[in-house]
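What follows is the residue order along each chain.
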Amino acid sequence: MFDTSWLKVFTFFVVWAVIWLPIAIVISRFLDWQPGKILTPQQKLILLGSLYLLSPIVFLWKIESERFSFASLGFSFQPNLLVSMLSGLALSLISLIIIFVLESIFDLVSWHWERSKQLFSLILPILALSLFISVIEEVIFRGYIFNTFVEDYPCWFAATISSLIFASLHLIWERKETLPQIPGLWLMGMILVGARLIDDGNISLAIGLHGGWIWGLTCIDSAGLLSYKQQHSWLTGINRQPLAGIAGISCLIITGLALWLVYGYGGVV
């Protein structure tokens, strides 16, 4: 029999989906998009933005009904919040640099430096968007969902199941492209849970890590700085998706090892 934690998480997503669905239908018609068609980055951004802008409404309902606070979810304005966030941002960017340098050494990618001028107009808007997305997702998955499961289950199970939910929900957008990324997305979720645990239960380090990965990859993709020499490669990623290849998994492992070496063991919230 499922404990109450499953019901709480289920109702959270059902209420969120019910509120968002009418808006999503209107936006989809405006964008001339139908389920089954591949989303362009712009279409996905608009749909994702509309979904995430509604999340505070659902959280206000949960705060009232379950009597928790954002501080209990690891999102509190402590003095070291900015330091932890910047540390996570730096660490994620360093891990990306290491992987891309290795891919360049082994001649797996081509760089188009002539397009680098386009980055100047993209860096700050993409950074703001990346941090917005990472804040919402960390509060939900490493905050609320992890906390809810850890009330009824051991920490390792709460981390595993919250990361699995995090990975599986990415299938909503593009199932064919996302399916090979599920193991990588799950590992990413586990790394981010670990980041929260070693940061004394605060999710600011996880926000920085998550935001840095989104920022770095989105900047490169939006400016067209890089192209893969093989589209379907188990090294660089199937369908050019980093988390569907050894390179992306290695990036996560490097980050996890760095967290282990720098911070050591973390406690359980």
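What you are looking at is a predicted structure, and each value in this text was computed from that prediction instead of being measured.

Rules used throughout
- Residues numbered from 1 in each chain as written.
- Predicted model: local features only at pLDDT ≥ 70, side-chain atom pairs only at ≥ 80, totals over all residues.
- Heavy atoms only, no water.
- Patch = residues over 30% accessible without salt bridge, like charges linked within 9 Å, V, L, I, M, F, W, Y side chains within 5 Å.
- Areas by Shrake-Rupley, 256 points an atom, 1.4 Å probe, with all protein chains shown as cover.
- Salt bridge = Lys/Arg side-chain N within 4 Å of Asp/Glu carboxyl O.
- Buried < 20%, exposed > 50% of the residue type's maximum accessible area, 1.4 Å probe, protein only.
- Helix = DSSP H or I, 4+ residues; strand = E, 2+ residues; numbered from the N terminus.
- Contact = heavy atoms within 4.5 Å.
- UniProt positions renumbered as here; feature names shortened; annotations may be inferred.
- Core = buried A, V, L, I, M, F, W, Y, C linked by side-chain atoms within 4.5 Å.
- Expected span 1.5 Å × (residues − 1).
- Phe/Tyr/Trp six-rings, centres within 6.5 Å; stacked < 30°, edge-to-face > 60°.

In this section: a nonpolar patch on the surface. On the surface, a nonpolar cluster with roughly 680 Å² of combined accessible area is contributed by Ile-94, Ile-97, Ile-98, Val-101, Leu-102, Ile-105 and Phe-106. Classification of Ile-97 as exposed rests on a relative accessible area of 52%.

The next subject is the environment of Thr-255. One can find Thr-255 in helix H10 (residues 246–263). Residue contacts for Thr-255: discarding those within four places in its chain leaves Leu-91, Ser-95, Ile-191, Leu-209 and Trp-213.

The UniProt entry lists residues 6–31, 43–61, 81–106, 118–136, 156–173, 204–223 and 243–263 under the feature "transmembrane region" (unreviewed entry), expressed in the numbering used here. The span residues 43–61 carries 95% helix and 0% strand; its end-to-end C-alpha distance comes to 28 Å.

With that settled, the discussion passes to the environment of Leu-192. In this fold, Leu-192 is placed in helix H8 (residues 182–198). Through-space distance from the C-alpha of Leu-192 to that of Cys-155 is 14 Å; in sequence the pair is 37 residues apart. When sequence neighbours within four positions are dropped, the list of residues in contact with Leu-192 reads Glu-138, Arg-142, Ala-206, Leu-209, His-210 and Trp-213.

This brings us to the pattern of salt bridges. What the rule picks out here adds up to 3 salt bridges. Glu-151 is the salt-bridge partner of Lys-8, the closest N and O atoms lying 3.6 Å from each other. Residue Lys-8 is found in helix H1 (residues 4–31), and its partner Glu-151 is found in the loop between helix H5 (123–150) and helix H6 (155–168); the two are separated by 143 residues along the sequence. You can call Lys-8 partly exposed: its relative accessible area is 25%. Ionic pairing is found between Arg-142 and Glu-138, a salt bridge with its closest N-O pair at 2.7 Å. With a gap of 4 residues between them, Arg-142 and Glu-138 both fall in helix H5, about one helical turn apart.

With that out of the way, let us pick up the side chain of Ser-204. With respect to the secondary-structure elements, Ser-204 resides in helix H9 (residues 204–223). You can call Ser-204 buried: its relative accessible area is 1%. Other than its neighbours up to four places away in sequence, Ser-204 contacts Leu-81, Ser-84, Met-85 and Asp-199.

Core analysis: the biggest nonpolar cluster contains 79 residues, and Phe-13, Trp-16, Ile-140, Ile-145 and Trp-213 have the highest contact counts within it. Element by element, the count of residues in this core is highest for H5, at 12 residues. Those residues in contact with Trp-16 that lie beyond four places of it in its chain are Leu-51, Tyr-52, Leu-54, Ser-55, Val-58 and Ile-140.

Its 18 residues give H10 an end-to-end C-alpha distance of 25 Å, which sits within 8% of 26 Å, the value for a rise of 1.5 Å per residue. Of the residues making up H10, those classed as buried are Ala-247, Gly-248, Cys-251, Leu-252, Thr-255, Gly-256, Ala-258 and Leu-259. Those residues of H10 that are buried are in contact with helix H4 (81–105), H8 and H9.

A full pass over the atoms with the stated rule returns 18 aromatic pairs. Aromatic side chains Phe-59 and Tyr-144 sit 6.2 Å apart centroid to centroid with 90° between the ring planes, which places their arrangement in the edge-to-face category. Of this pair, Phe-59 sits in helix H3 (residues 55–66) while Tyr-144 sits in helix H5, and the two are 85 residues apart along the sequence. Accessibility assignment for this pair places Phe-59 and Tyr-144 in one class, buried. With 5.7 Å between their ring centres and 80° between their planes, Phe-100 and Trp-111 make a pair best called edge-to-face. Of the two residues, Phe-100 sits in helix H4 while Trp-111 sits in strand E1 (residues 109–111), which places them 11 residues apart along the sequence. Assessed through its relative accessible area of 11%, Phe-100 is described here as buried. Aromatic ring contacts, followed pair by pair, group Phe-12, Phe-13, Trp-16, Tyr-52, Phe-59, Phe-68, Phe-70, Phe-141, Tyr-144 and Phe-166 into a single cluster.

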